[in-house]
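# Inside the fold
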Amino acid sequence: VGVDGNIPFIVMELLEGGALQDYIERSGSFSPPLAAKLMQGMLHGLQEAHDNKVVHRDIKPHNILLSTEGKPKLTDFGIAQVSDTDHSMTKTGSILGTLAYMAPEQRMDAKAANHTADIYASGAPLYSLVKAIQPFDLYATEFHKKVFEGVPETCSEVIKKACEFDQDERYQSPKLMAEALQGLVDALTDEAWQDFLS
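So, here's what we can say about the structure. Just so it is clear, the model here is predicted, and its values are computed rather than measured. (Residues numbered from 1 in each chain as written. Predicted model: local features only at pLDDT ≥ 70, side-chain atom pairs only at ≥ 80, totals over all residues. Heavy atoms only, no water.)

### Regarding unusual backbone geometry
Glycine aside, negative phi is the norm for most residues, and most peptide bonds take the trans geometry. The condition that has to hold: Only runs of H or I of at least four residues qualify as helices and only runs of E of at least two qualify as strands under DSSP, and these elements are numbered from the N terminus. Each residue is assigned to one of three classes by its accessible area relative to the maximum for its type, calculated with a 1.4 Å probe on protein chains only: buried under 20%, partly exposed between the two thresholds, exposed over 50%.
For K53, which is not a glycine, the phi torsion comes out positive at approximately 65°. Locating K53 in the fold gives a position in the loop between α2 (32–51) and β3 (54–55). Of the residues examined, K53 reaches a relative accessible area of 45% and is grouped as partly exposed. Positioned with a positive phi, A132 is a non-glycine residue whose angle comes to about 60°. As for its placement among the helices and strands, A132 is situated in the loop between α4 (115–131) and α5 (144–147). For A132, a relative accessible area of 33% gives the class partly exposed.

### Some thoughts on the pattern of salt bridges
Here is the rule we go by: Each reported salt bridge corresponds to a side-chain nitrogen of Lys or Arg within 4 Å of a carboxyl oxygen of Asp or Glu.
With the rule as written, the count across this model stands at 5 salt bridges. Here K160 and E157 are joined by a salt bridge, their closest N and O atoms 3.6 Å apart. Here K160 and its partner E157 are both found in helix α6 (residues 153–162), 3 residues apart, which amounts to about one turn of the helix.

### Observations concerning α2
As a reminder, the rule being used: Between the first and last residue of a helix there are one fewer steps than residues, each counted as 1.5 Å, and that sum is the expected span.
In this model α2 runs 28 Å from its N-terminal to its C-terminal C-alpha over 20 residues, within 8% of the 28 Å that 1.5 Å per residue would give. The buried fraction of α2 amounts to 14 of the 20 residues, a majority that puts the element mostly inside the structure. At the exit of α2 stands K53, carrying a positive phi of roughly 65°.

Here it is as structure tokens:
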């Protein structure tokens, strides 16, 4: 961040790998191990944001960009909220974010979105990656049988926990969700990873 004369500017890393949404639109669904690896990388970045009291509030495949080495980066903190301050311009009762990826409490009131709303919004993109469809109402348990058809239990259980309706039942940090994905990540072969990068 700096100023050139009277013009303020921001210099950002150039990420030439594109957004995860681009991959979904181009190639369809990801294998659960590959999806888990990419989301685990994003969760490490999200943990850094949460450690600095920043709630993203708009996590979705469109906002997860990749380096050419396949490293995921969480971007677009345009509607982020800084905890313990009044730096958010959100009005009480307003809705900000992307509906399909939004936690139910955030749908009702954007100011109600705390770090657990970001956990919900991390489970939703994982679902999008493995199913190649938008993740509406993943908290609605009555639809789980149909919604998670074809998703391996090791993956669906992580998504279900991340997307619990009750905030207290979700993973309580990105780190915990990343740890829950480790078994899937371990199943990713070097060949599959190199195929993705090529």
